[in-house]
Amino acid sequence: MSVLELDQVSVDYGRTRVLDRISLTVRAGEVVGIVGESGSGKTTLARTVLGAIAPAEGRVQVAGHDVTRLRGRALRSWRRSGAAQYVFQDPLRSLDPGLPVAESIIEGLRIARVGVDETRRRTDAALNAVGLDHDLIRRLPSGLSGGQRQRAAIARALVVEPRLLVLDEPVSALDAASRDRVVQALIALRDRRGSELAMLVISHDIGSLAAMSDRLVVLGQGDIVEDGSTRRVIAEPQHPYTRLLIDSVPLIHTPSANRP
Ligand SMILES: Nc1ncnc2c1ncn2[C@@H]1O[C@H](COP(=O)(O)OP(=O)(O)OP(=O)(O)O)[C@@H](O)[C@H]1O
Ligand SMILES: [Mg+2]
């Protein structure tokens, strides 16, 4: 079963074609890393998946819904369902600076009128999933480190139990130590997930993506130039551009290399 299906999707900004007939399928539970240099169209792809950009042509299906056809009330209602969740590069974009972090985490559940017990159960599960101390979320966002904030932002996305989590450069704004903690949290999430959660993780850094992705997709100038298992792409890149990305990283840990 696929959670995300892009079929021949093109996106234009004015007269410029930024994505050119992209086709991509993400299966339930799969973790797919999207890598590409700055300006290659990664964020555009993420926003198209979320229904925030209407493609010039092609079709985007998320959890069986054609998001390219949703308009107005239907689009809002689909967004509210939380089937797909977006995690920003800057966690402060999803955390209210004036409220305890806990309030931002449960906001989606409040809107959906989820009961107290269920809210507590889902919050506990999400905090455990990202390895965040329960006491921390009583603080304001300013009282957390960058890595803690990003894990709180991921917890906020997880409480609504999405089928697809889209993370756009989740670690690139963080210092090295925080980056490690978030990468470890995402690896733990991948290893404990069942088939219910798929992730699309975007980064220009193939090194951090390789550690957490089952599959790597390389985007080059609006086109998918490579799509394969992480191990295959790292060991036998088919495209010179992929080789260039790999050679720029000193040491790459693939999922298999992380396991004994
Ligand atoms: N709203 C917009 N209007 C016009 N052009 C845009 C717009 N947003 C992005 N672009 C252009 O589209 C191309 C792809 O942008 P996009 O943000 O998707 O790239 P990216 O791969 O996410 O880059 P980065 O790694 O820097 O985040 C770039 O050339 C960018 O300048
Ligand atoms: Mg971007």
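Residues numbered from 1 in each chain as written. Chains lettered and ligands numbered in written order. Predicted model: local features only at pLDDT ≥ 70, side-chain atom pairs only at ≥ 80, totals over all residues. Heavy atoms only, no water.

Notes on the site of ligand 1
What counts here: When at least one non-hydrogen atom of a residue lies within 4 Å of a molecule or strand, that residue is treated as near it. N or O atoms closer than or at 3.5 Å make up a polar contact, with two conditions inside protein: a donor-capable atom paired with an acceptor-capable one, and, for residues adjacent in sequence, both atoms drawn from side chains. Throughout, the Shrake-Rupley method with a 1.4 Å probe supplies accessible areas, and for residues the shown protein chains are the sole cover considered. Strands here mean DSSP runs of E at least two residues long; helices mean DSSP runs of H or I at least four residues long; both are numbered from the N terminus. By the convention adopted, Pro, Cys, Tyr, Trp, Phe, Met, Ile, Leu, Val and Ala count as nonpolar, Lys, Arg, Asp and Glu as charged, and the other residues, Gly among them, as polar.
Around ligand 1, the neighbouring residues are Tyr13, Val18, Glu37, Ser38, Gly39, Ser40, Gly41, Lys42, Thr43 and Thr44. One of the backbone nitrogen or oxygen atoms of Gly39 is found 2.8 Å away from an oxygen atom of ligand 1. Within the backbone of Ser40, a nitrogen or oxygen atom sits 3.2 Å from an oxygen atom of ligand 1. In the complex, the protein chains occlude 54% of the 640 Å² of accessible area that ligand 1 would expose alone. Looking at which element gives the most residues to the shell around ligand 1, the answer is helix 1 (residues 42-49), with three residues. In terms of residue class, the shell around ligand 1 is built from two nonpolar, six polar and two charged.

Thoughts on the environment of Glu37
As a reminder of what qualifies: Relative accessibility decides the category of a residue: with a 1.4 Å probe and only protein chains considered, values under 20% of the type maximum give buried, values over 50% give exposed, and everything between is partly exposed. We call two residues contacting when some pair of their heavy atoms lies within 4.5 Å.
On the secondary structure map, Glu37 appears in the loop between strand 3 (31-35) and helix 1. Among the residues examined, Glu37 registers a relative accessible area of 41% and is labelled partly exposed. Among residues more than four places away in sequence, those in contact with Glu37 are Lys42, Leu219 and Tyr241.

Side note on the sheet that holds strand 2 (residues 16-27)
This is how it is decided: At least two DSSP bridges between two strands are required for those strands to pair. Axes here refer to lines fitted to C-alpha atoms; in helices the fit is confined to the stretch in contact. Angles between the N-to-C directions go from 0 to 180 degrees.
One open sheet holds the four strands; their spatial order is 2-1-4-5, and the pairing between them is antiparallel. Whereas interior strands pair on both sides, the edge strands pair on one side only; in this sheet they are strand 2 and strand 5 (65-66). By the bridge criterion, eight bridges tie strand 1 (residues 2-13) to strand 2 in an arrangement that is antiparallel. Considered in strand 2, the bridge of Val11 is made with Leu19. Lying over the sheet, helix 1 contacts strand 1, strand 2 and strand 4 (57-62), oriented at roughly 120° with respect to strand 1.

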